[in-house]
Amino acid sequence: MGVVQVDTLRGVWGLGAPLLEGPVWVQRDAALWFVDIKGRNVHRFDPASGDKKSWDAPGQVGFVLPAVGGGFVAGLQQGLFRFDERDGSFSELARPEPDQPGNRLNDATVDPAGRLWFGSMDDGEIAKSGAIYRLAADRSCIASTPLCSITNGPAVSPDGRTLYHVDTLHGLIHACAIAEDGSLSDCREFVRIPSTEGYPDGPTVDAEGCIWVGMYGGWSAKRFAPSGELLETVRFPVSAITKLAFGGPDLKTVYATTANKHLSAEEREREPQAGDLFAFEVSVPGVPGHEVAVGL
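Residues numbered from 1 in each chain as written. Predicted model: local features only at pLDDT ≥ 70, side-chain atom pairs only at ≥ 80, totals over all residues. Heavy atoms only, no water.

## Quick word on the sheet that holds strand 13 (residues 132-135)
- Spatially, 11-12-13-14 is the arrangement adopted by the four strands of the open sheet, whose pairing is antiparallel. Each edge of the open sheet is held by one strand with a lone partner, namely strand 11 (103-110) and strand 14 (141-143). Sheet twist, expressed as the average angle between the axes of neighbouring strands with direction ignored, equals 30°.
- Pairing geometry for strand 11 and strand 12 (residues 116-122), over seven bridges, is antiparallel. Of the residues in strand 12, the one forming a bridge with arginine 104 is methionine 121. (Pairing = 2+ DSSP bridges. Helix = DSSP H or I, 4+ residues; strand = E, 2+ residues; numbered from the N terminus. Axes fitted to C-alpha atoms, helices over the stretch in contact; angles between N-to-C directions.)

Pasting the structure below:
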């Protein structure tokens, strides 16, 4: 275990955004998609051509994930929507928390069975009102975890049998067994990270089943073995790393979203790249992504 100085770490899109999140490599168009939650934008970056494109969202947007048959499923403050990048339209799918107007959707993943897992959180980052949900075939949203203030993830192991989800404010990453019907059991504490090292944000997994997590306020990303052992810490020139995604033709380019919404004017001068998109290379690839198939 140790701090890794990554020679390939580089800025790839200087957005200077308040809160970049949710990076995902979409294989069907060989591009990275991600969002700016507070800026209410969806972004697409094509590394082959260098093309950059953005869309406005009708609310705070926590994630966009590719859907079977084209388009995306987007998580907005209001609920789940279908997003069509061809015309920029958003059409409602489901409202998981109609009785929680202070909440918003925050992060998500798709498991090998095509099921969408997503989290909600208190937009004020105080109330214990967020949970991890699963979108069912009938478009109902099934709450799968206890409530917490800021959920992040989830992420699913390569074999689809373990779900990892983050309680950011308490520095906890949990692991749960996923049954064939999508129910969770045997939930346990996977990793506890002291606040002196920052706060765990979005998780993702690689081909060895290791869990990468961005550290908000920690100037780093951490890689944990499936046993929970810390294997690597990658340092960044900015303090808030929100989430990582594996991309490129070999899935060995790691893209990292960052944020600057927590910084004062003086701190922003010291972190001029905060809120930008970064990339670096690794030897262990990521896992090919899945498209949302259930509940559409």
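## Description of unusual backbone geometry
- For the peptide bond that leads from glycine 153 to proline 154, omega is 10°, which places it in the cis range.
- Positive phi outside glycine occurs at alanine 30, with the angle close to 50°.
- On the secondary structure map, alanine 30 appears in the loop between strand 3 (20-26) and strand 4 (31-36).

## Brief notes about the nonpolar core
- Judged by nonpolar contacts, the single largest core of 37 residues is most densely connected at Trp33, Val42, Val64, Leu80, Phe83, Leu116 and Phe118.
- Judged by nonpolar contacts, the second largest core, of 29 residues, contains Ala17, Phe45, Ala221 and Ile241. (Core = buried A, V, L, I, M, F, W, Y, C linked by side-chain atoms within 4.5 Å. Buried < 20%, exposed > 50% of the residue type's maximum accessible area, 1.4 Å probe, protein only.)

## Considering the side chain of asparagine 152
- Tracing the backbone shows asparagine 152 in strand 15 (residues 151-156).
- Separated by 2.9 Å, the side chains of asparagine 152 and threonine 168 make a polar contact.
- Among the polar contacts made by the side chain of asparagine 152, one reaches the side chain of aspartate 201 at a distance of 3.3 Å.
- When residues no more than four places from it in sequence are discounted, the contact partners of asparagine 152 are Glu21, Asn106, Asp107, His165, Val166, Thr168, Pro200, Asp201, Gly202 and Pro203. (Polar contact = N/O pair within 3.5 Å; in protein donor to acceptor, adjacent residues only side chain to side chain. Contact = heavy atoms within 4.5 Å.)

## Notes on the state of the cysteines
- Per the counting criterion, the structure on display carries one disulfide.
- Residue cysteine 176 pairs covalently with cysteine 187 via a disulfide, S to S 2.2 Å. Note on the cysteine 176 and cysteine 187 pair: the S-S dihedral is about 115°, so by sign convention the disulfide is right-handed. Separated by eleven residues along the polypeptide, cysteine 176 in strand 17 (residues 172-178) and cysteine 187 in strand 18 (residues 184-192) bring together distant segments of the chain.
- Using a relative accessible area of 48% as the deciding quantity, one classes cysteine 187 as partly exposed.
- Looking at cysteine 148, it has no disulfide partner, and the nearest cysteine sulfur is the one in cysteine 176, 12 Å off.
- When its relative accessible area of 8% is taken as the criterion, cysteine 148 is described as buried.
- This cysteine, cysteine 210, is not joined by any disulfide, and cysteine 176 carries the nearest cysteine sulfur, 19 Å off.
- Judged by its relative accessible area of 4%, cysteine 210 falls in the buried class. (Disulfide = S-S within 2.5 Å.)

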